[in-house]
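The primary structure of each chain is shown beneath.
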Amino acid sequence: MATTVDATAWETRSEQLTFSGDALIGNKSTPARSGETFEKRSPVDGRLLAEVASCDTADVDDAVRAARKAFEAGVWSGLAPRERKRILLDYAARILDAQAELALLVTLEMGKPIGDALGEVEFTAQCIAYYAEALDKLFGEIGPTGPDSLTLVTKEPAGVVGAVTPWNYPLLMPAWKLGPALGAGNSVVLKPAEQTPLSAIRLGQIAAEAGIPAGVLNVVPGFGETAGQAVGRHMDVDVVGFTGSGEVGKLFLRYAGESNMKQVWLECGGKSPNVVLADAPDLDAAAEQIAAGIFGNSGQVCNAGSRLIVDRSIGDELLDRLLAAAEPWRPGNPFQPDTQMGAIVDETQLKRVLSYIDAGRNEGARLATGGNQALIDSGGYYVEPTIFADASNEMKIAQEEIFGPVLTVIPVDDPDVAVATANDTTYGLAAAVWTRDISRAHRIARALRAGNVYVNTYDRGDIALPFATFKQSGIGIDKSIHAIDKYVRLKTTWISL
């Protein structure tokens, strides 16, 4: 998303921001009970943004207690849907009103370009508004029983929802959970990633300003092994919605089994393929979208198109176009309006990405472009857009999620091999096929084992459409009306007449 404000103006505004690093419990800013904090530094230039409350089990207990109290009192769960709708629409409007502030916060915390951050704020507001608008249009059911009975099937809020969210979209990923969970009438305890706690705290503050009652939305910053685990194991949390790595997602399944068998919904990333066949209709368009699909957000996207499976007969031609398409994605100052690729979120993730680039070299893939840390003197964390050619699907860079701007190009000799290669992964989040043959497109789209399949495009979406998962990419649906079902319980009521 373009903006006319220049980099100097954005940087000046960023220096004027103040940040709260405290937890938000019962609509009150609260330090960690232990008094412990951790530093949050910006990946843009290394500046210290805030000392953040390092919450642990005691703080999560407080937040869950506040959430349960609000739920049982009915201050939110007991409101008519039209009343929740009114407040959530105000919440969405206030998010938009704070667009510049929130976008600056996202850029400072996560390192994405300011234009992308402004767009994320818009999408966040759209998400909250979408679920608000849906609330008074949902109905229960009348069961098909005989004339001597009346049976009702109703949807009731699950209770207390634990939402554990990642750092790559620090506003939008919480909104994907807050929209349907709050809309359904639940209370929420949000544990944001430790890399991006400030955005989530501000999101909670705006909710309070919009009139969401105390205890209905609580934010507990902290580390996964402390605050995150406390949410997953808590005996009074009814549902957990998690987005993040598969390794941690499996921990939440274990936490649920070892505690109260809470329902767990997971979205755990991918190793998503673009399958480009010999009859692809427009290689220039394909190259542009493939580049955007892996270099956008510095590759820190769960459905990033990190594998390119291409018919060998057009492989060199497409690679040439990709090398040209990669040039505008060279990392730059995230406050510059025309910057397309910003920073990696922190030093740990930077080292992870660079280690995978080393693995690609060591495994024998051909480094076609990039492969290095960039803008080292900035004090931030940046990686060049990187493309490995002549790879095989058995390589580490083809099988493991890198979560960085690294594309692995795998040549194949026929469409059946291309589909088999695309499906040869533990993940199943997204995939694309590029072909001018509409019948072939339909057949391959059906054969690709992924929850989101694109034809002659990549990474298209709408809040009204499900973001689905196959295999180890997760359990359940984000976005669309279907997401509400994750946060409700069905109740059957049988009335004898």
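Our structure's up above, just so we're on the same page.
Note that the coordinates shown come from a computational prediction; the quantities given were computed from them, not determined experimentally.

Engineer: Help me understand the overall build of the chain in this model?
Structural biologist: Of the regular secondary structure elements, the chain holds 15 helices and 24 strands. In terms of overall size, the chain behaves like a compact globule, its C-alpha atoms giving a radius of gyration of 23 Å where 497 residues would be expected to give roughly 23 Å. Each principal axis of the C-alpha atoms in the chain carries an extent, and together these give about 70 × 60 × 45 Å. Every one of the 497 residues in the chain was classed for burial, and the buried ones make up 57%. Accessible area of the chain: about 19,500 Å², with a carbon and sulfur share of 51%. The centroid of the 45 positive side-chain charges in the chain is displaced by 6 Å from the centroid of its 63 negative side-chain charges.

Engineer: Hey, could you run me through the sheet that holds strand β6 (residues 149–157) in this one?
Structural biologist: Sheet strands pair by backbone hydrogen bonding; their relative direction is either parallel or antiparallel. Here three strands make up an open sheet; going across it, the order is β5-β6-β24 and the pairing antiparallel. The open sheet has two free edges, formed respectively by β5 (141–142) and β24 (488–496), since each of these has just one partner strand.

Engineer: Teacher, can you tell me more about the nonpolar core here?
Structural biologist: One broad rule of soluble globular proteins: the nonpolar side chains tend to lie buried together. In terms of nonpolar packing, the biggest core is built from 71 residues, with L88, Y91, I95 and I212 touching the most fellow members. Here the element with the most residues in this core is helix α5 (residues 114–134); it accounts for nine residues. In this structure, L88 is in contact with W76, I128, A132, L135, L182, G183 and I212, ignoring residues within four places of it in sequence. Core analysis: the second largest hydrophobic core is formed by 30 residues, A286, I290, V301 and A432 among them.

Engineer: Looking at this structure, how should I read the packing of aromatic side chains?
Structural biologist: By convention here, two paired aromatic rings are described through the distance between centres and the angle between planes. Inspection of every chain in the model, using the stated rule, returns seven aromatic pairs. Where W167 meets F403, the ring centres are 5.3 Å apart and the plane angle is 85 degrees; that geometry is what we call edge-to-face. With W167 in the loop between β7 (160–164) and α6 (172–183) and F403 in the loop between α13 (396–399) and β18 (406–412), this pair connects stretches of sequence that are 236 residues apart. Sitting over the face of the ring of Y356, K396 holds its NZ or CZ atom 5.2 Å from the ring centroid.

Engineer: What's the story with a nonpolar patch on the surface in this structure? I'm lost.
Structural biologist: Together, I142, L150, I495 and L497 make up an exposed nonpolar region whose accessible area comes to about 380 Å². Residue placement: L497 occurs in the segment after β24. The exposed category is assigned to L497, whose relative accessible area is 67%.

Engineer: I would appreciate a short explanation of helix α10 (residues 283–295) in the present structure.
Structural biologist: Owing to its 3.6 residues per turn, the α-helix brings residues three or four apart onto one side. The terminal C-alpha atoms of α10, which comprises 13 residues, lie 18 Å apart, in line with the 18 Å expected from a rise of 1.5 Å per residue. Listing the buried residues of α10 in full gives L283, A286, A287, I290, A291, G293, I294 and F295. Here the buried face of α10 lies against β12 (273–276), β13 (307–311), α11 (312–326), β17 (386–389), β18 and β20 (430–434). Structurally, the start of α10 carries an N-cap: the backbone nitrogen of D284 is 3.1 Å from a side-chain oxygen of D282.

Engineer: Hey, could you run me through the sheet that holds β13 in this one?
Structural biologist: Sheet architecture is open: seven strands sit in the order β14-β17-β18-β13-β12-β20-β21, paired in mixed fashion. In the strand order of this sheet, the two ends are held by β14 (366–369) and β21 (452–455), each with one partner. Each neighbouring strand pair of the sheet contributes to a mean axis angle of 20 degrees, computed without reference to strand direction. Pairing analysis gives three bridges linking β12 to β20, with the strands arranged parallel. Pairing of V276 across the sheet is with W434, part of β20. In the packing of helix α12 (residues 347–363) onto the sheet, the strands contacted are β14, β17 and β18, and the crossing angle to β17 comes to about 20 degrees. In this fold helix α14 (residues 415–423) packs onto β12, β13 and β18, with an angle of close to 170 degrees to the strand it touches most, β13.

Engineer: Mind showing me how you'd approach the environment of G74 here?
Structural biologist: Looking at where G74 falls in the secondary structure, it is placed in the loop between α2 (57–73) and α3 (81–97). Relative accessible area serves as the criterion here: at 21%, G74 is assigned to the partly exposed category.

The rules behind each value
Every chain's residues receive numbers from 1 upward, in the order its sequence appears when written. A pLDDT threshold of at least 70 governs which residues receive local features in this predicted model, and a stricter bar of 80 or more applies before side-chain atom pairs are shown or counted, although totals over entire chains, interfaces and linings include all residues. Each side-chain value is derived from all of the structure's non-hydrogen atoms; neither hydrogens nor water enter the calculation. Each helix is a run of H or I in the DSSP string that is no shorter than four residues. Each strand is a run of E no shorter than two, and both are numbered from the N terminus. Based on C-alpha atoms, the radius of gyration is set beside the globule rule, defined as 2.2 Å times the residue count to the power 0.38. Buried residues are those whose accessible area, probed at 1.4 Å on protein chains only, stays under 20% of the maximum for their type, while exposed residues exceed 50% and partly exposed ones sit between those limits. Accessibility throughout is a Shrake-Rupley quantity obtained with a 1.4 Å probe, and a residue counts as covered only by protein chains that appear here. The sign given to each residue is positive for Lys and Arg and negative for Asp and Glu; His and the chain ends receive no count. To locate a charge, take NZ of a lysine, CZ of an arginine, CG of an aspartate or CD of a glutamate. Any two strands between which DSSP finds at least two bridges are classified as paired. In plain words, nonpolar cores are sets of buried Ala, Val, Leu, Ile, Met, Phe, Trp, Tyr and Cys residues tied together by side-chain atoms within 4.5 Å. The contact criterion used is simple: two residues touch if any of their non-hydrogen atoms lie within 4.5 Å. Only Phe, Tyr and Trp rings take part, Trp by its six-membered ring, and two of them pair if their centres are within 6.5 Å. Stacked means planes under 30 degrees apart, edge-to-face means over 60, and tilted covers everything else. Counted as over-ring charges are cases with an Arg CZ or a Lys NZ within 6 Å of the ring centre that also lie within 35 degrees of the ring normal. Here a patch means residues that are over 30% exposed by relative accessible area and free of salt bridges, tied together within 9 Å if like-charged and within 5 Å if nonpolar (Val, Leu, Ile, Met, Phe, Trp, Tyr). Any carboxyl oxygen of Asp or Glu within 4 Å of a side-chain nitrogen of Lys or Arg constitutes a salt bridge here. In this analysis, the expected span of each helix is defined as 1.5 Å times one less than the number of residues it contains. Polar contacts, as counted here, are pairs of nitrogen or oxygen atoms within 3.5 Å of one another; within protein the pair requires one atom able to donate a hydrogen and one able to accept it, and residues that are adjacent in sequence qualify only if both atoms are side-chain atoms. Here an angle of 0 to 180 degrees is reported between the N-to-C directions of two axes, which are lines fitted to C-alpha atoms, with helices fitted over the stretch in contact.

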